Amino acid sequence: MINNSIGEEGKPKQKKVKQSKSVLSQMSFHEDRDDLKHTNFQTMMGITNSMVGSVILVVPVSFKNNGILSCTLVMILLGFIQYKTCSLLLVHQKTNEQSTEKIIKRLLGRRWATAFSFASGTLLFIVGIIYYQLINITLYLIVSFVMLKCDYENFDKTNFMTYDKYSKQWQAIILFLPLSLLLLFKDIEKIIKIAHYGVFAIILYCFYIVFIFFQTLFDGKFSENAESITWFTTDISEAAGLFALAFMVHNAIGQLIKNNQKKEDNVKVTAFAYVLASFIYGSIGILGAIGIAGLKPYSAKPDSILDYFEATDIAVLIIDGLILIHLITAFPIFNFISKHQILEAIYPNGQYPPLIYWGFSAFLMIVALTVQLFNIPVGNVIGFDGAVCGFLLIYIIPIFIHYQCYYGKKKEVSEDNLLHPQHAECNSHPEKDRMPMWARFIFYGLFICVGLYNLYIQVVGLFQ
């Protein structure tokens with residue numbers, strides 16, 4: 001925990017990082033105990049849970065707008081690439097290494113480990129902004145329900161930037177204070193325990209997507225609106241950015257896999273987790289896109305599939321309420337992890353002034369509010385975060401680790417002022433000779449080209 005006690009000289013003690021790594025594993029329903037072992041199934045479900053989150057609210061809209069077949073192909077391609085690069089971290093992880101940073105520090109050095117922590121913290125910082133947006137979107141739907149029930153319709157229904165009536169921009173300003181106070185909550189472990197129940201909101205949401213799909217089929221709406229369903233387009237930017245973030249577990253895979261009982265199955269377990277997550281995302285995307293075929297969105301510029309649901313439906317209100325609770329409880333967790341990872345990178349000794357600690361949270365809230373006030377679509381922010389901030393985590397570091405181990409010069413690494421030559425060693429790699437060096441360069445070079453292209457289209461899309 002963060003120490004807020006007063007020192008001998010009457011000055012506040014500087015903050016010290018103690019929990020940032022353990023929180024990553026706890027968020028996947030894992031207890032952060034080194035003596036606790038998990039089965040392959042438990043580990044697989046923990047990794048899958050870390051991948052499947054609130055991004056799932058945006059997936060059906062992306063499938064509807066960008067084509068069901070196009071999005072499915074993009075999902076499979078990026079899922080495969082991110083599994084392969086994630087597996088590179090696992091094949092080089094020693095049994096005594098409890099985090100991804102340890103692998104990087106051993107094979108690439110302390111500077112790369114610092115860059116990894118900073119990139120991971122930045123990615124989660126933007127995830128916090130995304131959650132602020134999703135909280136605002138979901139709450140707005142609930143408030144709209146109440147207003148319509150009260151026969152009051154003087155509120156914005158366009159989803160554009162509006163300040164002359166009640167709108168998402170005004171609601172974002174109202175939310176600023178209560179969400180800021182939420183970030184002051186010190187016992188992050190209690191919040192994590194509450195956030196675990198948010199999985200039931202996601203499950204209920206998935207069941208509702210299946211329900212509206214079959215309702216569309218049985219009511220004849222599918223045949224009536226079959227022509228309105230988009231199957232294929234060449235515009236893949238939204239889907240590419242979405243799945244770049246959706247499949248991102250590279251920054252936590254070391255913690256998620258560390259307690260697996262059968263270490264030799266780590267790569268296989270991760271592969272099954274990616275397949276399961278792809279199945280969930282693909283099913284919700286396809287069923288949701290077909291289920292809302294022909295439906296007029298509640299707003300002229302829909303942010304998520306929630307905008308397509310009937311604004312006065314009680315069942316939808318219940319789902320919105322549960323999802324809102326899930327989003328609110330998860331919001332301070334992302335702030336906590338990103339804050340500690342970035343400050344760990346800036347202050348390697350773990351000591352930093354209290355003003356910096358609390359100033360970080362204030363900065364997050366100001367940036368998140370600014371994004372809301374300028375009405376930047378949540379899909380654009382998701383795409384930017386996954387493709388741009390995740391580029392170093394998904395492509396550069398895992399592939400560089402792989403080449404450093406296979407073909408690079410082994411270096412001794414100093415840790416805690418002691419020199420440990422064995423740190424430069426790695427696991428045995430009988431698979432090294434299965435592919436010649438030139439073929440391996442081409443194979444992973446293509447991955448980097450995909451990542452660069454995704455990065456380019458997300459940056460361009462953000463300013464269009």
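In this text the structure is predicted, and so the values were computed from the model without any measurement.

**Q** Give me the lowdown on the pattern of salt bridges, citing residues and values where you can.
**A** If you walk through the whole model with that rule in mind, you get one salt bridge. A salt bridge links Lys268 to Asp265; its shortest N-O distance comes to 3.8 Å. Looking at Asp265, the relative accessible area reads 13%, which means it is buried.

**Q** Describe in detail the nonpolar core, supporting the description with residues and values.
**A** Ranked by internal contacts, the top residues of the largest apolar core, which has 131 residues, are Ile47, Tyr132, Tyr205, Phe243, Tyr281 and Phe331. With 20 residues, helix α6 (residues 110-149) is the largest single contributor of residues to this core.

**Q** Let's hear about empty space enclosed by the protein: which residues, and what values?
**A** Under the definition given, this model contains six cavities of 30 Å³ or more. If you add up the space inside the largest cavity, you get close to 140 Å³. Those elements giving two or more residues to the lining of the largest cavity turn out to be α6, α7 (168-182) and α15 (354-373). If one sorts the elements of the lining of the largest cavity by residue count, α6 sits on top with three residues.

**Q** Describe the packing of helix α11 (residues 237-246) against helix α16 (residues 378-389), with residues and values.
**A** Relative to each other, α11 and α16 sit at 60°, their axes nearing to 7 Å. Relative to α16, the element α11 is oriented oblique. Note on packing geometry: the crossing formed by α11 with α16 is left-handed. In contact with Gly241, Leu242, Ala244 and Leu245 of α11, α16 contributes Ile382, Gly383, Asp385, Gly386 and Ala387. Considered class by class, the residues forming the contact of α11 with α16 number five nonpolar, three polar and one charged.

**Q** Account for the packing of aromatic side chains, with residues named and values stated.
**A** Scanning the model with the defined rule gives 25 aromatic pairs in all. Measuring from centroid to centroid gives 6.5 Å for Tyr140 and Phe155, while their planes differ by 70°, and the two rings are edge-to-face. Of this pair, Tyr140 sits in helix α6 while Phe155 sits in the loop between α6 and α7; the two residues are 15 residues apart in sequence, bridging distant segments of the chain. Overall, the relative accessible area of 3% leaves Tyr140 in the buried class.

**Q** Please set out α7 residue by residue, giving values where relevant.
**A** Taking 1.5 Å of rise per residue, the 15 residues of α7 would be expected to cover 21 Å, and the 20 Å separating its terminal C-alpha atoms lies within 8% of that figure. Maximum bend of α7: about 35°, positioned at Phe176, with proline Pro178 one to four residues after it. Taken residue by residue, α7 has Lys168, Gln169, Gln171, Ala172, Leu175, Leu179 and Ser180 as its buried positions.

**Q** Can you lay out the side chain of Gln458 for me, pointing to particular residues and giving the numbers?
**A** Take Gln458: it is sitting in helix α18 (residues 437-462). From its side chain, Gln458 meets the backbone oxygen of Ser237 in a polar contact 2.6 Å long. With near-sequence residues (within four places) excluded, Gln458 lies in contact with Ser237, Ala240, Gly241, Gly383, Phe384, Ala387 and Val388.

**Q** Give me the lowdown on unusual backbone geometry, citing residues and values where you can.
**A** Backbone geometry at Asn375 places phi at a positive 55°, although glycine is not the residue there. By the secondary structure assignment, Asn375 is in the loop between α15 and α16.

**Q** Explain the environment of Gly408 to me, and be specific about the residues and the numbers.
**A** Mapped onto the elements, Gly408 comes out in the loop between α17 (391-407) and β3 (413-415). Judged by relative accessible area, Gly408 falls into the partly exposed class, the value being 25%. Residues Gly408 and Leu107, 301 residues apart in the sequence, show an inter-C-alpha distance of 9.3 Å.

About the thresholds
- Sequence order sets the numbering: in each chain, residues are counted from 1 along the sequence as written.
- pLDDT decides what is reported in this predicted model: residues at 70 or higher carry local features, side-chain atom pairs at 80 or more are listed and counted, and totals for whole chains, interfaces and linings draw on all residues regardless.
- Hydrogens and water molecules were not included; the side-chain quantities draw on all heavy atoms of the structure.
- Salt bridge, as used here, is a side-chain nitrogen of Lys or Arg placed within 4 Å of a carboxyl oxygen of Asp or Glu.
- Remark: exposure states derive from per-residue accessible area (1.4 Å probe, protein chains only) relative to the maximum for the residue type, with buried under 20%, exposed over 50%, and partly exposed in between.
- We call a set of buried Ala, Val, Leu, Ile, Met, Phe, Trp, Tyr and Cys residues a nonpolar core when their side-chain atoms join them within 4.5 Å.
- Only DSSP runs of H or I covering at least 4 residues are called helices, and only runs of E covering at least 2 are called strands; the numbering of each starts at the N terminus.
- Cavities and pockets are defined on a 1 Å grid built over the protein atoms alone: a cavity is a set of grid points where a 1.4 Å probe fits but cannot escape, while a pocket is an open set with protein on both sides within 12 Å along at least five of seven lines, and lining residues are those with an atom within 4 Å of any such point.
- Grid points are joined across faces, edges and corners, and a volume is the space filled by probe spheres set on the points.
- Inter-axis angles, ranging from 0 to 180 degrees, are taken between N-to-C directions of lines fitted to C-alpha atoms, where helices are fitted over the stretch in contact.
- Angles below 35 degrees are treated as roughly parallel, those above 145 as roughly antiparallel, those between 65 and 115 as roughly perpendicular, and all remaining angles as oblique.
- Each crossing is labelled by how the near helix is turned from the far one, with a counterclockwise turn of less than a right angle marking it left-handed and a clockwise turn marking it right-handed.
- Any pair of residues with heavy atoms lying within 4.5 Å of one another is described as a contacting pair.
- Classification used: nonpolar for Ala, Val, Leu, Ile, Met, Phe, Trp, Tyr, Cys and Pro, charged for Asp, Glu, Lys and Arg, polar for all others including Gly.
- Ring pairs shown here join Phe, Tyr and Trp side chains whose ring centres sit within 6.5 Å, with only the six-membered ring taken for Trp; geometry is labelled stacked below 30 degrees between planes, edge-to-face above 60, and tilted in between.
- To estimate how far a helix should reach, multiply one less than its number of residues by 1.5 Å.
- The angle separating two fitted axes, one through the seven residues that finish at a residue and one through the seven that start at it, defines the bend at that residue.
- Between N or O atoms, a polar contact is any pair within 3.5 Å; within protein, one atom must be a potential hydrogen donor and the other a potential acceptor, and residues adjacent in sequence are included only when both atoms are from side chains.

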